[in-house]
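Single-letter residue listing:
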Amino acid sequence: MKYYKKITGNRLYLSPINTDDAEKYIKWLNEKAVAKTYAQYSSVVSSKNDLKWLFEPANGVHRYAIVLLDGDVLIGSISLHDINHLNRNAFIGIFIGEEEQGKGYGTEAIRLILGYGFNTMNLHNIMLSVHSDNYAGIASFKKAGLRETGRRREWVFKDGKYIDVIYMDILAREFEE
């Protein structure tokens, strides 16, 4: 089997990353609809060498493929990273391929990784950052239970203008499964 149902939800599951999917990740990370939502917006991902996170994951990173239950179709990636076990906190990173955006999969994937982080890893606080022009992402994160905790004003230069980076988080006691 190409994927393993590590964490299962209603419409999708999280599986350990499969390096055979490198070409699909390269395609997504170069699509404007995907690339504009993350920090390396201006980067070009042209080969497997640019996907070090896929082939040589950093210690302490829990990275998963987001896979649809119906047909075992890969639609994105999600991770817990910068995990601090002493302070019991971590950051989330996520992206969904362009063809599957806007269908609620991001919210479900976020809720799955939050449940894993709080209930399995015993984390206390999980946060993420999002560009202020990523309206769908912000709505999805709010729907999953995260709330804005701060922002860096005009932190990112994108498409000829500066935009804010918004920080959002959720505490274990605020998370409802």
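Fair warning: this is a prediction, and the values are worked out from it, not measured in the lab. Chains are numbered independently. Their residues run from 1 in the order of the written sequence. Totals for whole chains, interfaces and linings use every residue, but because this is a predicted model, local features are given only for residues with pLDDT of at least 70 and side-chain atom pairs only at 80 or more, for both listing and counting. Water and hydrogen atoms play no part in the side-chain values, which are based on all heavy atoms of the structure.

Trainee: Explain the pairing of strand β3 (residues 62-68) residue by residue, including any values.
Mentor: The element β3 is extensively covered by neighbouring structure, given that five of its seven residues are classed as buried. With five bridges connecting them, strand β2 (residues 12-16) and β3 associate as antiparallel partners. Looking at β3, one finds that S15 is bridged to A65. Strand pairing is assigned whenever DSSP detects at least two bridges linking the two strands. Numbering of helices and strands runs from the N terminus, with a helix taken as a DSSP run of H or I at least four residues long and a strand as a DSSP run of E at least two residues long. Sheet topology places β3 next to strand β4 (residues 74-84); six bridges connect them, and they run antiparallel. Bridge pairing in β4 links Y64 to I78. The loop that links β3 with its antiparallel partner β4 comprises five residues; one of these, G71, has a positive phi angle of about 95°. When accessible area is computed with a 1.4 Å probe and restricted to protein chains, residues below 20% of their type maximum are described as buried, those above 50% as exposed, and intermediate ones as partly exposed.

Trainee: Tell me about the environment of R151, and name the residues and values.
Mentor: Along the chain, R151 turns up in strand β7 (residues 147-158). For the pair R151 and H131, spaced 20 residues apart in sequence, the C-alpha to C-alpha distance is 9.5 Å. Should any heavy atoms of two residues lie within 4.5 Å, those residues are counted as being in contact. Ignoring anything within four residues of it in the chain, the contact list for R151 reads S132, D164, V165, I166 and Y167. For the purposes of these results, a polar contact is taken to be a pair of N or O atoms within 3.5 Å, where, inside protein, one atom must be able to donate a hydrogen and its partner to accept one; residues adjacent in sequence count only when each atom of the pair is a side-chain atom. At 3.1 Å, the side chain of R151 forms a polar contact with the side chain of E148. Polar contacts involving the side chain of R151 include one to the side chain of D164, which spans 2.8 Å.

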